[in-house]
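Structural features, examined
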Amino acid sequence: MPLTDSHPQPHPHPGPAPESEIPGPAGLPVLGSMLDLRRDSLTTFLNARRAHGDVVRLAAGPPGLRSVFHAVFAPEGVQQILASRAANFRKDHPLYEEVRQAFGNGLLTSQDSDYLRQRRLVQPLFTKRRVDSYAAAITTEAGTLAERWRTAEGNTAEGNTVDLVPEMNRLALRTVARILFGLDAAAAEDAFHRCAPVINAYVVRRAYVPVKVPREWPTPANLRARAATDELNALCDRIIADRRAASGAATEAADEGDDLLSLLAAAGNDEDGSLDATEVREQVLIFLLAGHETTATSLAFTLHLLARHPEEQQRVREEIDRVLGERTPTAADLDRLPYLTQALKESMRLYPAAPVVSRRAVAATEIGGYRIPAGADVVVAPWVTHRSPELWEDPERFDPRRFAPEREAERHRYAWFPFGGGPRACIGQHFSMLESVLALAVLLRAYELEAVDREVPVAAGITLQATGPARVRLRPRHGAGE
């Protein structure tokens, strides 16, 4: 039958809009959005999404030195970049190169065959069974902190006031150092606490300047960063050498250490070989960086949000008391504390430890109706997607009920992605959740918290950084933990 006006031929698909048509803020005539991004990148991304949609083009810097990148906010686009089209988006962004230079080519930064080999070697160390065996170390460190708070100078009948940001950084660092280094935890804690902030600030600053001073030049910033890096490298090298000497002297496998560093040093098989001392050190530094800063952020903001919402704190504590009584929590309790887990997930929605994730496109890709060209720098931002009003009703409100199982099942997989996703999803996700839930259970059973600071200012670094205090007043619960 011939086609008539009532049966028109379909028009061919026009294809994705070119890069030149991707909307975005104009910014200043010469500097574009550079000052806004330096002043407050998280708010700049939020404003860009509100004004221009889920795919945004931003330019920063003067002509000739201008950086252009694309931000993708909708969960469908995030899924393409992190999962379904992940091969098109590599970790070639300047931030990852700076992290690679500072901390080595560990799992966070390695790519291609290096990444696949490292992942195969390291994966057995992060099985559920292995991670669950760290529960005693987690609860021991949390219990030590609870006792230190109880006996701290300045305590009164009304309790004492602490800043959760440094307190949770110390707790998370001591925990991961204990698990990584065994009896060497104190030395690792002191060195990393002193050196990591220097290296972090240096990395972020270099990643976003249009012209980089060569690392070899003896500038004050280069010298400070080099000294901090050398100290951490020397610490790890000494501990690795000690572990390998102990392993070589052992006649039975049971005589070898069971801390994570000993397991890393022994990792390998006939096909892939083992990790050499440099590779082990690089893995350890990345685990220390990613394993303590991210968990510390989740712990600090969960406690602070519960302190600001006493009714939610009470509901969490009733669950803890009902499930645990007076006993120490174990890995098996992770599934028995669902509301505490929901509160943790909700705090990770509002304060994701990795607020912005960067990639570089190696092949042109259509996302959200636009063509992202090969060579383009691309970011996805949990900070923004987690606050989308299309995905989250009243998104700034703290509501753990959002993460009830039936409500989670209704949402897009990438509406919430604090651990990334796809082939580069965080290998330590179960470890982070276990550490956070068990530590929170120990601390909330021992104390009632009242917020002193209502809001906590934050900024984006390698991880989310609190730029102001998150103080709470601690009131010991009589009989709890005694």
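Structure's up top.
Now for a quick tour of the structure.

Conventions adopted
- Residues numbered from 1 in each chain as written.
- Predicted model: local features only at pLDDT ≥ 70, side-chain atom pairs only at ≥ 80, totals over all residues.
- Heavy atoms only, no water.
- 1 Å grid on protein atoms, 1.4 Å probe; cavity = no way out; pocket = protein on both sides within 12 Å on 5 of 7 lines; lining within 4 Å.
- Points joined across faces, edges and corners; volume = space filled by probe spheres on them.
- Helix = DSSP H or I, 4+ residues; strand = E, 2+ residues; numbered from the N terminus.
- Nonpolar A, V, L, I, M, F, W, Y, C, P; charged D, E, K, R; others polar.
- Expected span 1.5 Å × (residues − 1).
- Buried < 20%, exposed > 50% of the residue type's maximum accessible area, 1.4 Å probe, protein only.
- Contact = heavy atoms within 4.5 Å.
- Salt bridge = Lys/Arg side-chain N within 4 Å of Asp/Glu carboxyl O.
- Pairing = 2+ DSSP bridges.
- Phe/Tyr/Trp six-rings, centres within 6.5 Å; stacked < 30°, edge-to-face > 60°.
- Axes fitted to C-alpha atoms, helices over the stretch in contact; angles between N-to-C directions.
- Core = buried A, V, L, I, M, F, W, Y, C linked by side-chain atoms within 4.5 Å.

**Quick look at empty space enclosed by the protein**
Within the structure shown, the criterion is met by one cavity of 30 Å³ or more. The volume enclosed by the largest cavity comes to roughly 920 Å³. Around the largest cavity, the lining is made up of 47 residues, and of these Leu108, Ala290, Thr294, Ala354 and Cys426 lie nearest the centre. In terms of residue count, the dominant contributor to the lining of the largest cavity is helix α11 (residues 277–308) (eight residues). Considered class by class, the residues forming the lining of the largest cavity number 33 nonpolar, ten polar and four charged.

**Points about helix α13 (residues 338–350)**
Taking 1.5 Å as the rise per residue, α13 with 13 residues should run 18 Å; its terminal C-alpha atoms sit 19 Å apart, in good agreement. In terms of burial, α13 is largely enclosed, as twelve of its 13 residues are buried. Taken as a whole, α13 has its buried residues at Tyr339, Leu340, Thr341, Gln342, Ala343, Leu344, Lys345, Glu346, Ser347, Met348, Arg349 and Leu350. Buried residues in α13 make contact with α11, α12 (310–324), α14 (382–385), α15 (405–410) and α16 (429–446).

**A short note on the layout of surface pockets**
In this structure, the largest pocket occupies an estimated 860 Å³ of space. Lining the largest pocket are 34 residues, and of these Leu37, Arg38, Val204, Ala207 and Tyr208 sit closest to its centre. Breaking the lining of the largest pocket down by element, the ones donating at least two residues are α1 (34–52), β2 (67–72), α3 (94–103), α8 (185–207), β10 (377–380) and β12 (458–460). Residue contributions to the lining of the largest pocket peak at eight residues, all from α1. Looking at the lining of the largest pocket residue by residue, the class counts come to 21 nonpolar, six polar and seven charged. Lining the second largest pocket are 20 residues; nearest its centre among them are Val165, Asn169, His292, Glu293 and Gln465.

**Regarding the pattern of salt bridges**
Scanning the model with the defined rule gives 32 salt bridges in all. Note that aspartate 132 and lysine 128 form a salt bridge whose closest N and O atoms lie 2.8 Å from each other. Taken as a pair, aspartate 132 and lysine 128 lie in helix α5 (residues 128–132) at a separation of four residues, close to a single helical turn. Residue lysine 128 is classed as exposed on the basis of its relative accessible area, which comes to 52%. Note that glutamate 141 is salt-bridged to arginine 174, the shortest N-O span being 3.1 Å. Of this pair, glutamate 141 sits in helix α6 (residues 135–151) while arginine 174 sits in helix α7 (residues 164–181), placing them 33 residues apart in sequence.

**So, the pairing of strand β11 (residues 447–451)**
Only one face of β11 is covered, namely the face carrying Tyr447, Leu449 and Ala451; the face carrying Glu448 and Glu450 is uncovered. Judged from the five bridges that link them, β11 and strand β14 (residues 471–476) form a sheet pairing that is antiparallel. Bridged to alanine 451 within β14 is valine 472.

**Some words on the packing of aromatic side chains**
The full count for this structure, using the stated rule, is nine aromatic pairs. Here phenylalanine 301 and tyrosine 351 contribute two aromatic rings whose centre-to-centre distance is 4.0 Å and whose plane-to-plane angle is 10°, an arrangement assigned as stacked. Note that phenylalanine 301 is positioned in helix α11 and tyrosine 351 in the loop between α13 and β7 (357–361), a separation of 50 residues in sequence. You can call tyrosine 351 buried: its relative accessible area is 10%. Consider the rings of tryptophan 392 and phenylalanine 403, whose centres lie 5.8 Å apart with planes at 35°: the pair is tilted. Of this pair, tryptophan 392 sits in the loop between α14 and α15 while phenylalanine 403 sits in the loop between α14 and α15, placing them eleven residues apart in sequence. For the pair tryptophan 392 and phenylalanine 403, a shared accessibility class is recorded, and that class is buried.

**Some words on the sheet that holds β14**
Taken in spatial order, the three strands line up as β4-β14-β11 in an open sheet, and their pairing is antiparallel. The open sheet has two free edges, formed respectively by β4 (160–163) and β11, since each of these has just one partner strand. Pairs of neighbouring strands in the sheet enclose a mean axial angle of 35°, with direction left out of account. As defined by bridge partners, β4 adjoins β14 across four bridges and the pair is classed as antiparallel. Each residue of the ladder has a partner; that of valine 162, found in β14, is valine 472. The sheet contacts of α7 involve β4 and β14, and relative to β4 the element is tilted by about 70°. Running at roughly 90° to β11, α16 makes contact with β11 and β14 of the sheet.

**Describing helix α2 (residues 75–84)**
Side chains that are three or four residues apart share a direction in an α-helix, a result of its 3.6 residues per turn. Along α2, the positions that sit buried rather than exposed are Pro75, Gly77, Val78, Gln80, Ile81 and Leu82. Lining the buried residues of α2 we find β2, β3 (89–90), β7, β8 (365–367), β10 and α14.

**Quick notes on the nonpolar core**
Residues Met168 and Phe181 are the most contacted members of the largest nonpolar core, which totals 123 residues. Looking at which element gives the most residues to this core, the answer is α11, with 15 residues. Membership of the second largest hydrophobic core comes to 17 residues, among which are Val78, Phe89, Ala361 and Val378.

**Let's talk about the environment of phenylalanine 181**
Assignment of secondary structure puts phenylalanine 181 in helix α7. Each C-alpha atom of the pair phenylalanine 181 and cysteine 236 lies 9.2 Å from the other, and the pair is 55 residues apart in sequence.

**Considering unusual backbone geometry**
Phi at aspartate 112 takes a positive value of approximately 55°, unusual for a residue other than glycine. Tracing the chain through its elements places aspartate 112 in helix α4 (residues 112–122). Exposure remark for aspartate 112: the relative accessible area of 45% places this residue in the partly exposed category. The backbone phi angle of aspartate 394 is positive, close to 45°, even though this residue is not glycine.

**Considerations on the sheet that holds β2**
The strands making up a sheet are joined through hydrogen bonds of the backbone, oriented either antiparallel or parallel. Read across the sheet, five strands follow the order β1-β2-β10-β7-β3 without closing on themselves; strand pairing throughout is mixed. Each edge of the open sheet carries a strand with a single partner, namely β1 (55–60) and β3. Each of β1, β2 and β10 is contacted by α1, which is oriented at about 155° to β1, the strand it contacts most. The strands touched by α2 within the sheet are β2, β3, β7 and β10, with β10 carrying the most contacts at an inclination of about 120°.

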